[in-house]
Amino acid sequence: MPSDEDEWVIADSAWWGRWFDRCAVRLRGGRAVGTGPLPPWSVPRGARVRHVEGTLLPGLRDAHVHSSLVDLRAVRAGGIAQVDDLGSVPALIAELVAADDPRLPRVRAVGAFLTAPGGYPSDRSWAPPGSFREVQSVIDAESAVGEQHQFGARAIKVVLHPEAGPTLPARVLEEIVSTAHDLDLPVIAHTEGDNTVRDAYEAGVDRLAHTPWTERIDDRLLTDVAQRMSWISTLDIHGYGADTVELRIAIDNLRRFFNRGGTTCYGTDLGNGPLPMGINPREVAALQTAGLTPDDVLTAMTDLDSPATPPCWVPNGLDRPPSRFASSLRTARVLDPTPTS
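Residues numbered from 1 in each chain as written. Predicted model: local features only at pLDDT ≥ 70, side-chain atom pairs only at ≥ 80, totals over all residues. Heavy atoms only, no water.

1. Section: the domain arrangement of the chain
Test applied: What counts as a domain boundary in this text is fixed by an automatic or database domain assignment. In what follows, residue pairs with any heavy atoms lying within 4.5 Å of each other are defined as contacts. Here's the idea: put two parts together, see how much 1.4 Å probe accessible area each one loses, and the total over both is what we call buried area. By convention in these notes, a salt bridge is any Lys or Arg side-chain nitrogen within 4 Å of a carboxyl oxygen on Asp or Glu. N or O atoms within 3.5 Å of each other form a polar contact, as long as, within protein, one can give a hydrogen and the other can take it, and as long as residues adjacent in sequence are counted only when both atoms are side-chain atoms.
What the domain assignment reports for the chain is domain 1 (6–58 + 305–334) and domain 2 (61–301). Just the C-alpha atoms count here: the centres of domain 1 and domain 2 sit 29 Å apart. Taken together, the contacts link 19 residues of domain 1 with 23 residues of domain 2. For the pairing of domain 1 and domain 2, the buried interface totals around 1,700 Å² over both sides, and the portion due to carbon and sulfur atoms is 65%. Connecting domain 1 to domain 2 are zero salt bridges. Taken together, domain 1 and domain 2 are joined by six residue pairs in polar contact (both at pLDDT 80 or more).

2. So, the sheet that holds strand S7 (residues 82–85)
To keep things clear, this is the line we draw: Strand pairing follows a simple DSSP-based rule, namely that at least 2 bridges must link the two strands. Per the convention used, a helix needs a DSSP run of H or I reaching at least four residues, while a strand needs a run of E reaching at least two, with both numbered from the N terminus. Geometry is summarised by axes, namely lines fitted to C-alpha atoms with helices restricted to the contacting stretch, and by angles between N-to-C directions that run from 0 to 180 degrees.
If you trace the three strands from one edge of the open sheet to the other, you get S6-S7-S8, paired in parallel fashion. Strand pairing shows two members of the sheet lacking a second neighbour, strand S6 (61–65) and strand S8 (106–109), which therefore form its edges. Put simply, the sheet's adjacent strands are angled 20° from each other on average, direction ignored. Here S7 runs beside S8; their pairing, made up of four bridges, is parallel. By the bridge assignment for S8, Gln82 is matched with Arg106.

3. Description of the pattern of salt bridges
Test applied: Each residue gets one of three labels from its accessible area relative to the maximum for its type: buried under 20%, exposed over 50%, partly exposed in between, using a 1.4 Å probe on protein chains only.
A complete count under the given rule lists 18 salt bridges for this structure. The salt bridge involving Arg61 is made with Asp84; its shortest N-O contact spans 3.9 Å. In this pair, Arg61 sits in strand S6 while Asp84 sits in strand S7, placing the two residues 23 residues apart along the sequence. Comparing Arg61 with Asp84 shows no difference in burial state: the two are buried. Its salt-bridge partner being Arg324, residue Asp319 comes within 3.2 Å of it at the nearest N-O pair. In this structure Asp319 comes out as partly exposed when scored by relative accessible area, which is 31%. Taking the relative accessible area as the measure of exposure, Arg324 reaches 41% and is therefore partly exposed. A single network of salt bridges, built from pairs that share partners, joins Arg216, Asp219, Asp252, Arg256 and Arg260.

4. Some words on the pairing of strand S1 (residues 6–15)
Taken across its ten residues, S1 has nine buried, putting it largely inside the fold. Sheet topology note: the S1/strand S3 (residues 23–28) ladder contains six bridges and is antiparallel. When the bridges of S3 are listed, Trp8 appears paired with Arg26. As judged from the seven bridges shared by S1 and strand S5 (residues 48–57), these two strands associate in the parallel manner.

5. Thoughts on the environment of Asp206
Within the secondary structure, Asp206 sits in the loop between helix H5 (196–203) and strand S13 (207–208). Spatially, the C-alpha atom of Asp206 lies 26 Å from that of Pro128, the residues being 78 residues apart in sequence. Separated by 2.8 Å, the side chain of Asp206 and the backbone nitrogen of Val187 make a polar contact.

6. Observations regarding the packing of aromatic side chains
We apply this condition: Geometry of aromatic contacts follows a simple scheme: Phe, Tyr and Trp rings, the Trp one being its six-membered ring, pair when their centres are within 6.5 Å, and the pair is stacked under 30 degrees between planes, edge-to-face over 60, tilted otherwise. Two limits define a charge over a ring: the Lys NZ or Arg CZ must be within 6 Å of the ring centre, and within 35 degrees of the ring normal.
Enumeration over the complete set of coordinates arrives at three aromatic pairs. Centroid distance Tyr120 to Trp126: 6.1 Å. Interplanar angle 65°. Geometry classified as edge-to-face. A cation over an aromatic ring shows up here: Arg320 above the ring of Trp19, its NZ or CZ 3.9 Å from the ring centre.

7. Quick look at the packing of H5 against helix H6 (residues 219–228)
Basically, it comes down to this: Angles below 35 degrees are treated as roughly parallel, those above 145 as roughly antiparallel, those between 65 and 115 as roughly perpendicular, and all remaining angles as oblique. The crossing is said to be left-handed when, going from far helix to near helix, the turn is anticlockwise and less than a right angle, and right-handed when the turn is clockwise. As a working rule, the residues Ala, Val, Leu, Ile, Met, Phe, Trp, Tyr, Cys and Pro are called nonpolar, Asp, Glu, Lys and Arg charged, and the rest polar, with Gly in that last group.
The N-to-C vectors of H5 and H6 enclose an angle of 45°; their axes lie 11 Å apart at closest approach. Taken together, H5 and H6 sit at an angle that is classed as oblique. Taken as a pair, H5 and H6 cross one another with a handedness that is left-handed. Where H5 approaches H6, its residues Val197, Arg198, Ala200, Tyr201 and Glu202 are matched on the opposing element by Leu221, Asp224, Val225 and Arg228. Its residues assigned to classes, the contact of H5 with H6 comprises five nonpolar, no polar and four charged.

8. Side note on the side chain of Thr179
By secondary structure assignment, the location of Thr179 is in helix H4 (residues 170–182). Apart from the residues lying within four places of it in its own chain, the contact partners of Thr179 are Glu142 and Val145.

9. So, the packing of helix H8 (residues 281–289) against helix H9 (residues 294–301)
It is the contact of H8 with H9, at a shortest axis distance of 10 Å, that shows an interaxial angle of 125°. Between H8 and H9, the interaxial angle falls into the category oblique. As H8 runs across H9, the sense of the crossing is right-handed. Residue-level contacts link Val284, Leu287 and Gln288 of H8 to Pro294, Val297 and Met301 of H9. Residues belonging to the contact of H8 with H9 are distributed by class as follows: five nonpolar, one polar and no charged.

10. Quick word on the sheet that holds S13
Strand order in the open sheet formed by seven strands is S10-S9-S11-S12-S13-S14-S15, and the pairing between neighbours is parallel. Two strands close off the open sheet at either side, each with one partner strand: strand S10 (132–134) and strand S15 (263–265). Here three bridges tie strand S14 (residues 230–232) to S15, and the two strands are oriented parallel to one another. Following the sheet pairing, Trp231 is matched in S15 by Thr264.

And the structure:
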């Protein structure tokens, strides 16, 4: 039933998994309600209505952010309505989520990195104590996952980076995955180095935190991976706009993964180097180079099963031709609710 708190936003166009011409979206508390856009004549008589020029979009998400290393206000001001924090001190993120500050994007977190004793990123200056959890054994794996769950983790992140130090043994990794799945938590893996993608796949990992860039993934393995895993893109960290070998490897892997039906999520690894706060047009362009259409990119940037995220809009309308799409999408902003007296 409609609520007195409802606000209807009428826009020139919208994208909610498909394109709509002039349409209306119902908001409650600044968040979309219902299944998506409706014809303007669906707006109840007497309802609060706001007309906006441009294109409405579901809330745009960056699926790989380190909240403690960036200014989240700037991230939201740059058009990102939701961030998935992939490794921070759990207590700090729990406080951030509890604050429910409307000036910040919605935050979903994995808790701390789960890593081997002495493993990455325990020796990195950017990783403060508490942002990683060293897992000592198979028995300790259940405790490590349970701790992140108690802090409100929406997924679990593991590290497979043998070239940077000790890495999780196969039995420990499998126990982490099994325990997480028993709690209905997906597992995200940082894989870096030869055969780490295979190790993650064989252990039942659900998502990769990065498109693989240190090795070209074998076609047969890639076919299997595409049926069960999703990948977060993070292409722009391999050069920040420059052409590099690592970027070429990542784009090649992503193109073949996507062509096999693999699910791609837009993510930038914000906090890692000189990346734009908010929507990154270089990341969008790199996804297009990997073969994603503008509609595919929008799909990668949104979670239509998460309507609690505030919607976004492109004030002058979204330019859909591929050559202009990235720069146009960069102008998207989170749609703030109309203040009420």
